Amino acid sequence: MSAETFVPRPGAAPLSRMIRAQAALETRMLLRNGEQLLLTVVIPTLLLVLFSAVDIVDTGDGKAVDFLAPGVLALAVMSTAFTGQAIATGFERRYGVLKRLGASPLPRWALMTAKTCSVLVTEVLQVVLLTVIAFALGWSPQGNPLAVLLLLVLGTAAFSGLGLLMAGTLKAEVTLAAANLVFLLLLVGGGVIVPMEKFPGGVRAVLELLPISALSDGLRAVLQHGAGMPWGDLGILAVWAVLGLGAAAKLFRWE
């Protein structure tokens, strides 16, 4: 029997192919999940349309959509990178999916990379959809696209770290409740829909240090006011990203 008898040779696929396959699987699972779609697509879209069409919250001078669109983009990032990822990963950990995948030829860091790629793909779809809707509502964005990209990437890293930290340390049911509660609280108090100027000075100073506030304020400064690189907001997001990802890498439990 020659060495050419068995073709192709049995064994693990190249690492890059395994990551792409796992990322595609993660993305398909997310897009097929009705609850996840409600959280990541339907709710941000409804908020953008409703608050742009109806004068519910005083958003200051100018069109309401110019204020709301950057905040809703920040909300979309949080809903996918934090809330959705925390809940999905938490239940995968509970059901033993992560433990089994961790024993496969796919390294654990590559599994997390695939999950991150899935989050990024979903966010691209969200941003495209929300941008089209915002333009239809009369949005007039300004600013540097590079600054917007940096804000979105750092915001994704910050929320991903916090989501994985929650999913890897808490029980799945606790993660489900806590992630949804945080989503609702930050929706109200993170500058997404309600301007930060509406909060008392001391409360506002604390809220402005949150990642959702930094992301929404940074996007609003660039897209609504045409500001340059928002270094302060980028710095806050970078600190949250380092702390969240570092803590998740150290404390994440696969079982």
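Scroll up a little and you will see the structure.
Scope of this entry: the structure provided in the associated data block. (Residues numbered from 1 in each chain as written. Predicted model: local features only at pLDDT ≥ 70, side-chain atom pairs only at ≥ 80, totals over all residues. Heavy atoms only, no water.)

Things to note about helix 9 (residues 211-223)
Test applied: A run of DSSP states H or I qualifies as a helix once it reaches four residues; a run of E qualifies as a strand once it reaches two. Both are numbered from the N-terminal end. Expected span, for any helix, means 1.5 Å times one less than how many residues it has. The criterion used for residue contact is that any of the two residues' heavy atoms lie within 4.5 Å.
Across its 13 residues, helix 9 extends 18 Å between first and last C-alpha, which sits within 8% of the 18 Å expected from 1.5 Å per residue. Those residues of helix 9 that are buried lie in contact with helix 3 (64-94), helix 6 (145-169), helix 7 (172-189), helix 8 (201-207) and helix 10 (231-251).

Quick look at the layout of surface pockets
Stated precisely, the cut-off is as follows: Detection works on a 1 Å grid of protein atoms alone, calling trapped sets that fit a 1.4 Å probe cavities and calling open sets with protein on both sides within 12 Å along at least five of seven lines pockets, with lining residues defined by an atom within 4 Å of a point. Grid points are joined across faces, edges and corners, and a volume is the space filled by probe spheres set on the points. Here the nonpolar group is Ala, Val, Leu, Ile, Met, Phe, Trp, Tyr, Cys and Pro; Asp, Glu, Lys and Arg are the charged ones; every other residue, Gly included, is treated as polar.
In this structure, the largest pocket spans a volume of roughly 460 Å³. Going through the elements one at a time, helix 1 (15-32), helix 2 (34-53), helix 3, helix 5 (108-136) and helix 7 are the ones with two or more residues in the lining of the largest pocket. Ranked by residue count, the leading element in the lining of the largest pocket is helix 3, at 8 residues. Looking at side-chain class alone, the lining of the largest pocket contains 10 nonpolar, 8 polar and 4 charged residues. Put simply, the second largest pocket is a space of about 290 Å³. Lining the second largest pocket we find 16 residues, and of these V127, P145, V148, L149 and L152 sit closest to its centre. Contributing elements (two or more residues each) for the lining of the second largest pocket: helix 3, helix 5 and helix 6. At 6 residues, the largest contribution of residues to the lining of the second largest pocket is made by helix 6. Of the residues belonging to the lining of the second largest pocket, the class tally is 12 nonpolar, 3 polar and 1 charged.

Brief notes about the packing of helix 6 against helix 10
Applied cut-off: A fitted line through C-alpha atoms represents every axis, and for helices the fit uses only the stretch in contact; the resulting angles, taken between N-to-C directions, go from 0 to 180 degrees. Angles below 35 degrees are treated as roughly parallel, those above 145 as roughly antiparallel, those between 65 and 115 as roughly perpendicular, and all remaining angles as oblique. By definition, turning the near helix anticlockwise from the far helix through less than a right angle yields a left-handed crossing, and turning it clockwise yields a right-handed one.
Two numbers describe how helix 6 lies on helix 10: the axes approach to 7 Å, and their chain directions differ by 30°. For the element pair helix 6 / helix 10, the angle class is roughly parallel. Of the two elements, helix 6 crosses helix 10, and the hand of that crossing is left-handed. The residue makeup of the contact of helix 6 with helix 10, split by class, is 17 nonpolar, 6 polar and 1 charged.

Focus: the pattern of salt bridges
Note the following rule: For this analysis, a salt bridge means a side-chain nitrogen from Lys or Arg found within 4 Å of a carboxyl oxygen belonging to Asp or Glu. Exposure classes here rest on a 1.4 Å probe applied to the protein chains alone. A residue is buried below 20% of its type maximum, exposed above 50%, and partly exposed in between.
Overall, the coordinates contain 6 salt bridges when judged by the stated rule. Among the ionic pairs, R204 bridges to E197, the shortest N-O distance being 3.8 Å. By relative accessible area, R204 is classed as partly exposed at 28%. Taking the relative accessible area as the measure of exposure, E197 reaches 56% and is therefore exposed. Among the salt bridges present, the one from D217 reaches R220, with a minimum N-O distance of 3.7 Å. Taken together, the residues D217 and R220, both in helix 9 and 3 residues apart, mark about one turn of the helix. The buried category is assigned to R220, whose relative accessible area is 7%. Through salt bridges with shared partners, a single network forms among E26, E92 and K115.

Here we look at the packing of helix 5 against helix 6
In the contact formed by helix 5 and helix 6, the axes pass within 11 Å of each other and the chain directions differ by 130°. Relative to helix 6, the element helix 5 is oriented oblique. Crossing of helix 5 over helix 6 shows right-handed handedness. Counting all contacts with helix 5, which are made through M112, V119, L120, E123 and V127, the residues of helix 6 involved are L152, T156 and L164.

Geometry only, nothing functional implied.
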